[in-house]
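# Structural overview for review
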Amino acid sequence: MKHPAICIDLDKIRFNTEKMVRQCRGRGIHVAAVTKLFCGHPAIAAELVAGGVDLLADSRIQNLKRLEHLPLPKMLLRIPMISQAADIVANSDISLVSEPKTIQALSNEASRQGKRYQVILMIDLGDLREGIFHEHEIHAAVKAVLGMPSIHLMGIGTNLTCYGGVKPSRENLIRLVNLRKDLENAYNIILEVISGGNGSTLSLFPSGDIPAEINQLRLGSSLTMGIGLNDEPIDGLYHDAFILEAEITEIREKPSVPIGEIGLDAFGNTPVFVDKGMRMRAICAVGRQDVHPDHLRPIDSRIQILGASSDHLILDITDSASKLAVGNTVSFHLAYGGCLSAMTSEYVHKHFIRA
Ligand SMILES: *Cc1c(COP(=O)(O)O)cnc(C)c1O
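In what follows, the accompanying structure is described. (Residues numbered from 1 in each chain as written. Predicted model: local features only at pLDDT ≥ 70, side-chain atom pairs only at ≥ 80, totals over all residues. Heavy atoms only, no water.)

## Description of the pattern of salt bridges
The test is simple: The term salt bridge refers to a side-chain nitrogen of Lys or Arg lying within 4 Å of a carboxyl oxygen of Asp or Glu. By the criteria applied, helices consist of DSSP H or I runs no shorter than four residues and strands consist of E runs no shorter than two, each listed in order from the N terminus. Relative accessible area decides the class of each residue, using a 1.4 Å probe on protein chains only: under 20% of the type maximum gives buried, over 50% gives exposed, and in between gives partly exposed.
All told, the structure shown has 13 salt bridges when counted by the stated rule. For Lys 12, the salt bridge goes to Asp 240, with nearest N and O atoms at 3.2 Å. Separated by 228 residues along the polypeptide, Lys 12 in helix H1 (residues 10–25) and Asp 240 in the loop between helix H8 (221–225) and strand E10 (242–255) bring together distant segments of the chain. In this structure Lys 12 comes out as buried when scored by relative accessible area, which is 18%. The salt bridge partner of Arg 14 is Glu 18, with a shortest N-O separation of 3.0 Å.

## A few points about the environment of Phe 133
Test applied: Contacts are residue-level and defined by heavy atoms, with any inter-residue pair within 4.5 Å sufficient.
You can see Phe 133 is positioned in the loop between strand E6 (117–122) and helix H6 (135–146). Its relative accessible area of 48% is what places Phe 133 among the partly exposed residues. Residues contacting Phe 133, with those up to four places away along its chain left out, are Asp 124 and Leu 128.

## Things to note about the pairing of strand E7 (residues 151–157)
Using the following cut-off: Here, any two strands with at least 2 DSSP bridges between them count as paired. Look down the strands so they point away from you; if going from the first strand over the helix to the second traces a clockwise path, that crossover is right-handed.
Counted residue by residue, E7 has six buried out of seven residues, so it is predominantly covered. Pairing of E6 with E7 involves six bridges; the strand directions are parallel. Across the sheet, residue Gln 118 finds its bridge partner in E7, namely His 152. Regarding topology, H6 serves as the crossover connection from E6 to the parallel E7, and that connection is right-handed. Taken together, the three bridges between E7 and strand E8 (residues 193–195) define a ladder with parallel strand orientation. Along E8, the bridge assignment pairs Gly 155 with Val 193. A crossover connection joins E7 to the parallel E8 through helix H7 (residues 170–187); in handedness this β-α-β unit is right-handed.

## What to know about the site of the ligand
Which entries qualify depends on this criterion: The criterion for a residue being near a molecule or strand is simple. One of its heavy atoms has to lie within 4 Å of it. Any N or O atom pair separated by 3.5 Å or less is treated as a polar contact, with the protein-specific requirement of one donor-capable and one acceptor-capable atom, and with residues adjacent in sequence counted only for side-chain atom pairs. We get accessible surface area from the Shrake-Rupley algorithm with a probe of 1.4 Å; when it comes to residues, only the shown protein chains can shield them. Side-chain classes follow a simple rule in which Ala, Val, Leu, Ile, Met, Phe, Trp, Tyr, Cys and Pro form the nonpolar group, Asp, Glu, Lys and Arg form the charged group, and the remainder, Gly included, forms the polar group.
Around the ligand there are 13 residues in total, and Lys 36, Gly 199, Arg 218, Gly 220 and Ser 221 lie nearest to it. A distance of 2.8 Å is found between an oxygen atom of the ligand and a backbone nitrogen or oxygen belonging to Ser 221. Relative to its unbound accessible surface of 390 Å², the ligand loses 91% to contact with the protein. Considered class by class, the residues forming the shell around the ligand number four nonpolar, five polar and four charged.

## Focus on the packing of aromatic side chains
The condition is simple: Here is the rule: rings of Phe, Tyr and Trp (six-membered ring for Trp) pair when centre to centre is within 6.5 Å. Planes less than 30 degrees apart are stacked, more than 60 are edge-to-face, and the remainder are tilted.
Counted according to the given criterion, the structure contains one aromatic pair. Each ring, one from Phe 15 and one from Tyr 238, has its centre 5.2 Å from the other, and the planes form 70°; the classification is edge-to-face. Here Phe 15, found in helix H1, pairs with Tyr 238, found in the loop between H8 and E10; they are 223 residues apart in sequence, far enough to count as distant. Taking relative accessible area as the criterion, Phe 15 reaches 36% and is therefore assigned partly exposed. On the basis of relative accessibility, which here comes to 36%, the residue Tyr 238 falls in the partly exposed class.

## Remarks on unusual backbone geometry
Cis geometry is adopted by the peptide bond preceding Pro 4, which originates at His 3 and carries an omega value of -5°. Looking at the element boundaries, Pro 4 is found in the segment before strand E1 (5–9). Even without being a glycine, Asn 230 presents a positive backbone phi close to 60°. Tracing the backbone shows Asn 230 in the loop between H8 and E10. Assessed through its relative accessible area of 54%, Asn 230 is described here as exposed. Here the phi dihedral of Asp 231 falls at roughly 60°; this positive angle occurs in a residue that is not glycine. The residue Asp 231 is located in the loop between H8 and E10 in this model.

Pasting the structure below:
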């Protein structure tokens, strides 16, 4: 096997997806499966489809293009770029939107391509990333969209916990529910979708605090990594569908404190060292270009990560559970950011596992 490798357990992803889809269905919620964590890799997306999700969603149109062959509606998550309007209309069915000027560009493109394009208007409930904040601007946007012949306003949505860290709650989601009612009454329309956020909204399931009107969730890391609000593990799901394997290229006994006057490291930081005497150190052939060392956790908890430069990961293996040799591999659990960058790095081999 080529290294470094990210090993992807398709059965675990399938299991997680089936379980979350069942829970969502029971509450009348459609699942938009978010594929951006794995750059829209078709083999992983196929498991989400087999697991019963209703839509495929990604922040980048390039990733949605990779999923063209999968028979589900495609939704663009990131607020669209006007410069990509033609590509977006050609390669997706729905966008999350907040700017009338952009929706107009999508409408013009849709007319040109002989299509009717669907949008979900994003409302900012306080997290302060995307979405319209002021109520009068929401009304102005709805009025504008209703005048665009090639656009269908499917509904409204929100995103939480991404920038401001604002948690989903009954209170903030009820604002969305009430807003839909107001808009439907004011303009005599039906807004069939209320998109109630990302995987963090699953945290309202156990208490039943999620309003019954929420009928779509956009789920990414919960399906693939089994994590939800605050990246905490969700009970009953697999949390280790992605494992990074790196190969050891050097093992040497060395002091724990460098010798000589200390300047800056490769990334401009002043390194700090604890003197533990002589230690066995291993270098693995993987680095910050692939994954940030803070996003890695050795599966053998007795191995310690000392640091990383662009292409070298340095480990203290003095206390490792098994005796390691040059040419062996070391395995790591990945945090969300680590999984994202390892999937994005073309230097990391993608290795699929199936029972
Ligand atoms: C990434 C993203 C999601 C999915 O987030 P997870 O935390 O992986 O569930 C949902 N909605 C939007 C708008 C996103 O950008």
